[in-house]
Amino acid sequence: MKKIAYSNLDVCFAAIAKTKTLYLPMADGVDEKRGAKYTKWTPEVTYTADAVNTVRSAKDFFFPQVERMTNFKVDGKKIEIEDIRKECEDFVVFGVRACDAASFDILDSVYLAEPIDSYYQNRREHGVVVTMACTKPSETCFCSVFGIDAARPAGDVTCWRDGDLVLLQANTEKGEALLLELPMLEDTAENAADKVIASIETMLEKLPLKDLSTDAFGGDKLMKLFDSEKWADLSEACLGCGTCTFVCPTCQCYDIRDYDTGHGVQRFRCWDSCMYWEFTKTAGGQPRPTQLERFRQRFMHKLVYYPANNDGKFGCVGCGRCMKSCPISMNIVKVMKTLEEEHE
């Protein structure tokens, strides 16, 4: 295990930035209430260590909201396809929380399964994830419900804030290689983080949502939950705005759009939301014509469909972003508590 003074983190950041692009959470200077956002590091950027979660999750680095996939050059009836993939830069994402780190496993199960998404794979191979344990978890956090340990976050490197020190532990070969490039780090005892971990675990036990149960959910509950009469009341006020899906670190739906430039075609991939009325609309119509059906689809996927196909693992990481962002205060916790009654 390594250590560095918190006040010297900028020295560490500067060293990383010499060979890799570095991103880290920074308070939004325009509106502090919006919270932190990932920003490319420069000497003028101040790391926001106290931000529990960024407004947008870290999935943007591997599955961006908008990406150009290819160009088509059209000359009469002749079409030439141009592969524009040039994203080969090595980058580091620093300060990722345990929930976001766990979300990468869910995205991996989708985009690294056959057939592999080479765009996503390229970014995963070139990215190094440095996590930071949550020393001040929010009351809206409930990652422990899904077996995620906020005191021991995954990632290529795990960090802990211990007073005026930052402790760093490499977990992967990429993580070890990164720490070897940082000579300003000092060796420390392998158990140096134990006190911090114990303190975090004590705080996690006091969170109001720690006892939220998943017993009522899973693939074996499919038809009982699908046919529940409670969906009508739960979805009644839903605006279909899609905010919950855009802040969610595990949502992975997208659409493909072609843009005619007048001298060719550019193909883009952009995030989509199952909460939108036009989602998956075809020439034959809309498979989920009502907001109830679209609302149900989102939560059934997180709590039933995904675990049914992934050995019981849920499609939510308990980050709490949907609790903070929904304009009608509807979120997965309310859905779980309401549908749990079906299990009784």
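All values reported here derive from a predicted model rather than from experimental measurement. (Residues numbered from 1 in each chain as written. Predicted model: local features only at pLDDT ≥ 70, side-chain atom pairs only at ≥ 80, totals over all residues. Heavy atoms only, no water.)

Side note on empty space enclosed by the protein
Unfilled space is identified by rolling a water-sized probe across the atoms. This is how it is decided: Two kinds of site are reported from a 1 Å grid over the protein atoms alone, namely cavities, where a 1.4 Å probe fits but cannot get out, and pockets, open sets with protein on both sides within 12 Å along at least five of seven lines, and residues are called lining when an atom falls within 4 Å of a point. Grid points are joined across faces, edges and corners, and a volume is the space filled by probe spheres set on the points. Numbering of helices and strands runs from the N terminus, with a helix taken as a DSSP run of H or I at least four residues long and a strand as a DSSP run of E at least two residues long. For this scheme, ten residues count as nonpolar: Ala, Val, Leu, Ile, Met, Phe, Trp, Tyr, Cys and Pro. Four count as charged, namely Asp, Glu, Lys and Arg, and the remainder, Gly too, count as polar.
Across all of its chains, the model carries eight cavities of 30 Å³ or more by this definition. When its volume is computed, the largest cavity comes out at roughly 130 Å³. Lining the largest cavity are 18 residues, and of these Cys-238, Cys-244, Met-275, Cys-326 and Met-330 lie nearest its centre. Broken down by secondary-structure element, the contributors of at least two residues to the lining of the largest cavity are α8 (243-247) and α9 (291-309). At three residues, α9 tops the list of elements feeding residues into the lining of the largest cavity. Considering only residue class, the lining of the largest cavity consists of 13 nonpolar, four polar and one charged. Size it by volume and the second largest cavity reaches roughly 110 Å³. Going through the elements one at a time, α8, α9 and α10 (321-325) are the ones with two or more residues in the lining of the second largest cavity.

Points about the packing of aromatic side chains
Rules: To pair, rings of Phe, Tyr and Trp, with the six-membered ring standing in for Trp, must have centres within 6.5 Å; the planes then decide the type, stacked if under 30 degrees apart, edge-to-face if over 60, and tilted in the middle. Partly exposed residues are those whose accessible area sits between 20% and 50% of the maximum for their type, while under 20% is buried and over 50% is exposed, using a 1.4 Å probe and protein chains only.
Scanning the model with the defined rule gives 21 aromatic pairs in all. Judged by centre distance (6.2 Å) and plane angle (70°), the rings of Trp-231 and Phe-295 are edge-to-face. Of this pair, Trp-231 sits in helix α7 (residues 230-235) while Phe-295 sits in helix α9, and the two are 64 residues apart along the sequence. In this pair, the class of Trp-231 matches that of Phe-295, namely buried.

Some points on helix α11 (residues 332-339)
We count it as follows: Starting at the helix axis, one direction is taken to each C-beta atom, and the arc is that of these directions. Two residues qualify as a contact provided that any one of their heavy atoms is within 4.5 Å of a heavy atom in the partner residue.
Residues Ile-332, Val-333, Val-335, Met-336 and Leu-339 constitute the buried set of α11. Each buried residue of α11 lies within a common arc of 160° when the element is viewed along its axis, so the set occupies one face. Where α11 is buried, its residues touch α6 (222-226), α7, α9 and α10.

Here we look at helix α5 (residues 194-204)
At 3.6 residues per turn, the α-helix brings residues three or four places apart onto the same side. Residues of α5 that are buried include every one of Val-196, Ile-197, Ile-200 and Leu-204, and no others. One face of α5 carries all of its buried residues, which in axial projection span an arc of 100°. The inward-facing, buried residues of α5 abut β8 (157-162).

Description of a nonpolar patch on the surface
Keep this limit in mind: Here a patch means residues that are over 30% exposed by relative accessible area and free of salt bridges, tied together within 9 Å if like-charged and within 5 Å if nonpolar (Val, Leu, Ile, Met, Phe, Trp, Tyr). In these tables, accessible area is a Shrake-Rupley quantity obtained with a 1.4 Å probe, and a residue counts as shielded only by the protein chains included in the view. Salt bridges are counted wherever a side-chain nitrogen of Lys or Arg sits within 4 Å of a carboxyl oxygen of Asp or Glu.
Taken together, the side chains of Val-74, Ile-79 and Ile-81 present a nonpolar region at the surface, about 300 Å² in accessible area. Looking at the element boundaries, Ile-79 is found in strand β5 (residues 78-83).

Let's talk about the pairing of strand β6 (residues 91-96)
What counts here: Strand pairing follows a simple DSSP-based rule, namely that at least 2 bridges must link the two strands.
With respect to burial, β6 is a largely interior element, six of its six residues being buried. In this sheet, β6 lies alongside strand β2 (residues 21-27) in parallel orientation, the contact comprising three bridges. Its bridge partner being in β6, Tyr-23 is matched across the sheet by Val-93. Note that β6 and strand β7 (residues 127-132) share five bridges and pair parallel. The residue bridging Val-93 from the neighbouring strand is Val-129, located in β7.

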